[in-house]
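So the chains spell out like this:
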Amino acid sequence: MSMITVENLTKTFKKQIPQFWLKSLFRPKFEDFKAVDSISFEIKKGEIFGLLGPNGAGKTTTIRMLCGIEYPSGGTIHIDGLELQSHYRQICEKFNVLFSDKLLYNRLTAYDNLLFYANMYSIGDPEKRANELLDFMNLMPWKDQYVENFSLGMRMKVALARALVNDPEILYLDEPTLGLDVKNAETIRTYLKSLNRTILMTTHYLNEAIVMCSRIGILQHGKLVYIDTPDNLKRLYSENRIFLIDTNDNQAAKKILAKNPYVKTIEERNTKLEVHLNKCENYFDILNDINHLKLIEFQEMNTGLEGLFFDVTDEAEKTNQ
Amino acid sequence: MKKLERFRRIVKRTLSFSRRELKLRTRYKWAFLSNTIVIPLLHALPMILLYWGIFSMIAGEFEEVNAGNYLPWLLLGALCYQVFFLGNSFFKGRFIEEKYWTTITGTLIAPISKYYLLFGVIIQLGIEGFVTAVLLTVLSFIALPTTLFSLFLLFLIFLLTVAMGAALGLINGTFFLTNENYCIFFDYLAYILAFTSTYSIPYEVFSSIHPIVAGIVQVNPLYHIIKLTRSIWFGTFEPDLLYSLLYVVIFVICLMIIGVYLFSKITRRYGVRGY
């Protein structure tokens, strides 16, 4: 069953054109800038969906529209079968959002923050809920400390507790591990996976998306250029690996590698060989063929999954042009 | 039972806003005491002293101000003015902070009526402005004592003034969130309301300038609030006071409805800009 249905969602902002300041005071000129350009996707109940993309791709704007704090210029959003704009109050009870460590009052204590937000939702006992969440996040010893004194990791925990205050069916997470060290990021990821909620998360980290999400969408210049499962993404990755090889006899290496079924193309780059592989997950197969030659350099060009991310976004850019 | 539970929840949600505001304001306690007691008095004092001097010389020239009442007349005017500005400036200041703290989204996505926010803030401002109000009232009482019933009525007027200032401030704050350019109109409006409120200049002065100016004063709800306050204090009940009261009450109710409506609609439609 589809929990979130987004159809042709578009957001256009007015971007002011630089002008002589006096002219911009009386007759400012604007041009349209599409932050989100007609994107469509569906998220099933209990699914974790990841939105990836470079800065300015439209990830946060998409989440803001799904939260109802940014009005779409076009398209529709349905949450659990209800149209967002016309059933906003009803839908608000179902979701919550985590914008990094934002939405927290630094001048309030962790408990006061949670209590304030708990009072905003239809919760039987807000005080009990605030205490439960602090306990769940192991923040009880810091309950009465001001959030301004917390480390980023602790602030993220309070922010996550805030997002869980109404026990939401849907969680929107905007870069939930941004700026966190490896250990804290892993803790947050473990919490999120244990929740069993419908989650839409944005992240810069492809590895995180692959670990967390059941499907991944890649946004580029406001367009959803790729949407598939992490397995297919990984398969695509294994189909598109590029290595730079330098041996004591590159011509011989080229001849041998050309016969390998996994090798798609070989190009000469300066004095080295650029080898494009096809559906090869284990590059040792390639190295075995040339083990009688002296290997001077062996380097993966598209640095793992991140490289694939660049491939997908670059390809989308070329298509646009 | 269900109704009681609903009422309890409404009160709890409203008070959670008051509680949050008070906690935020009292995070730095000396700054809070200074901003709520010293600064309002410092604002009011020069005006009071100046007009004290003027009225001590020419008080008899005006119908409503005489040698016996000019001091409480001034103090009560200053009280209404300060309380109105406390309310009017609140939301703009709060939304500036919330915009840059990036916390405003939490309130916007909360599934609650935004009346809780307004009423919560009115209660908080009532508490915050109470000290200043008591100080000015005590000074007025020393200058010219009044009855306990008048003090009670004055308290109600005080709440009405806070509500009016807060509702107007909410409209201003809403525009501040979406487009700061529009705020200037509300700032101008607040100054016009203050200037034509007769808090320091008797109505006769305005009416002698031009009928249009007198008309502006007559439509100014702050003028009616100050007029009501002084009449209650001096015990000069006239038939047109009922009209003033009705006018102020309707104006405040309308302003609150418009304020909450605009806040809900405009922030949803145009979002928060500029952070």
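In this text the structure is predicted, and so the values were computed from the model without any measurement.

S.K.: With reference to specific residues and values, describe the overall build of chain A.
M.R.: Counting its regular elements, chain A contains 12 helices and 14 strands. For chain A, the spread of C-alpha atoms along the three principal axes comes to 75 × 55 × 45 Å. For chain A, the proportion of its 321 residues judged to be buried stands at 39%. Of the contacts formed within chain A by residues at least 6 apart in sequence, a portion of 71% connects residues at least 24 apart.

S.K.: A description of helix α6 (residues 152-163) of chain A should follow, citing residues and the corresponding values.
M.R.: All names here are of chain A. Given a rise of 1.5 Å per residue, 12 residues ought to cover 16 Å, and the 16 Å separating the end C-alpha atoms of α6 matches this to within 8%. Burial runs high along α6: nine of the 12 residues are buried. Within α6, burial applies to R155, M156, K157, V158, A159, L160, A161, R162 and A163. Buried-residue contacts for α6 involve β6 (95-99), α4 (110-120), α5 (126-136), β7 (170-174) and α7 (182-194).

S.K.: Which residues make up the packing of α6 of chain A against α7 of chain A, and what values go with them?
M.R.: If you want to describe how two helices pack, look at the angle between their axes and the distance between the axes. All names here are of chain A. Relative to each other, α6 and α7 sit at 15 degrees, their axes nearing to 10 Å. Accordingly, the angle class assigned to the pair α6 and α7 is roughly parallel. With respect to the hand of their crossing, α6 and α7 are arranged in right-handed fashion. Packed against α6, whose contacting residues are G153, M156 and L160, the element α7 presents N184, I188 and Y191 at the interface. When grouped by side-chain class, the residues that make up the contact of α6 with α7 number four nonpolar, two polar and no charged.

S.K.: Which residues make up the pairing of strand β13 (residues 272-277) of chain A, and what are the values?
M.R.: Residues and elements named next belong to chain A. Residues L273, V275 and L277 line the buried face of β13, whereas the alternating positions K272, E274 and H276 sit on a face that is not buried. In this structure, strand β11 (residues 242-247) lies alongside β13, joined through four bridges in antiparallel fashion. By the bridge assignment, F243 is partnered in β13 with V275. In terms of strand pairing, strand β12 (residues 263-269) meets β13 through six bridges, oriented antiparallel. Across the sheet, I266 pairs through a bridge with V275, a residue of β13. Hairpin connection of β12 to β13: two residues between the antiparallel strands, including N270 at a positive phi of 50 degrees.

S.K.: Please give an account of unusual backbone geometry that cites residues and values.
M.R.: Residue and element names in this part refer to chain A. Although it is not a glycine, D167 sits at a positive phi angle of roughly 50 degrees. Mapped onto the fold, D167 is located in the loop between α6 and β7. Phi is positive for H221, close to 50 degrees, though the residue is something other than glycine. Owing to 18 C-beta atoms within 10 Å, H221 belongs among the partly exposed residues under this scheme.

S.K.: I'd like a rundown of the sheet that holds β6 of chain A, residues and numbers included.
M.R.: All names here are of chain A. Pairing within the open sheet is mixed, and its six strands lie in the order β6-β7-β8-β3-β9-β10. Where the open sheet ends on each side, the last strands, each with one partner, are β6 and β10 (223-228). Along the sheet, successive strands turn relative to each other by an average axial angle of 15 degrees, direction set aside. Note: strand β3 (residues 48-52) against strand β9 (residues 215-220), four bridges, orientation parallel. When the sheet's bridge partners are listed, L51 is paired in β9 with G217.

S.K.: Talk me through the nonpolar core; I want residue IDs and the actual numbers.
M.R.: Counting 143 residues, the largest nonpolar core has L114, Y172 and L200 of chain A together with C80, L118 and A166 of chain B as its most contacted members. At 17 residues, the largest contribution of residues to this core is made by helix α3 (residues 70-101) of chain B. When sequence neighbours within four positions are dropped, the list of residues in contact with L118 of chain B reads A166, A167, L170, M256, G259 and V260 of chain B. Counting 10 residues, the second-largest nonpolar core is a separate cluster that includes V263, V275, L277 and I286 of chain A.

S.K.: Can you explain the pairing of β11 of chain A? Please cite residues and give values.
M.R.: The two faces of a sheet get side chains in turn, since along a regular strand they alternate between them. Residues and elements named next belong to chain A. The alternating pattern of β11 places F243, I245 and T247 on a buried face and I242, L244 and D246 on a face that is not buried. With five bridges connecting them, β11 and strand β14 (residues 295-300) associate as antiparallel partners. Counted as the bridge partner of F243 is E300 from β14.

S.K.: Tell me about the interface of chain A and chain B, and name the residues and values.
M.R.: With 23 residues of chain A at the contact, the number on the chain B side is 20 residues. Examining the composition of the side of chain A that touches chain B, we find that five residues originate from one element, α4 of chain A, more than from any other. Here the side of chain A that touches chain B is built from residues that sort into 14 nonpolar, three polar and six charged.

S.K.: Provide a residue-level description of the environment of S214 of chain A, including the pertinent values.
M.R.: All names here are of chain A. Relative to the helices and strands, S214 resides in the loop between α8 (206-212) and β9. Residue S214 is classed as partly exposed on the basis of its 15 C-beta neighbours within 10 Å. In sequence terms S214 and G46 are 168 residues apart; their C-alpha atoms lie 9.8 Å from each other. With residues up to four places along the chain from it excluded, the contact list for S214 reads E47, I48 and T229.

S.K.: Quick rundown of the sheet that holds β14 of chain A? Include the residues and the values.
M.R.: Residues and elements named next belong to chain A. An order of β12-β13-β11-β14 is seen for the four strands of this open sheet, with the pairing classed as antiparallel. The open sheet is flanked by β12 and β14, the only strands paired with a single partner. In this sheet, adjacent strand axes meet at a mean angle of 20 degrees when their direction is disregarded.

Procedures and definitions
Residues numbered from 1 in each chain as written. Chains lettered and ligands numbered in written order. Predicted model: local features only at pLDDT ≥ 70, side-chain atom pairs only at ≥ 80, totals over all residues. Helix = DSSP H or I, 4+ residues; strand = E, 2+ residues; numbered from the N terminus. Buried ≥ 20, exposed ≤ 12 C-beta atoms within 10 Å, placed from the backbone. Contact = placed C-beta atoms within 7 Å. Expected span 1.5 Å × (residues − 1). Axes fitted to C-alpha atoms, helices over the stretch in contact; angles between N-to-C directions. Parallel < 35°, antiparallel > 145°, perpendicular 65-115°, else oblique. Left-handed = near helix turned anticlockwise from the far one by under 90°. Nonpolar A, V, L, I, M, F, W, Y, C, P; charged D, E, K, R; others polar. Pairing = 2+ DSSP bridges. Core = buried A, V, L, I, M, F, W, Y, C linked by C-beta atoms within 7 Å.

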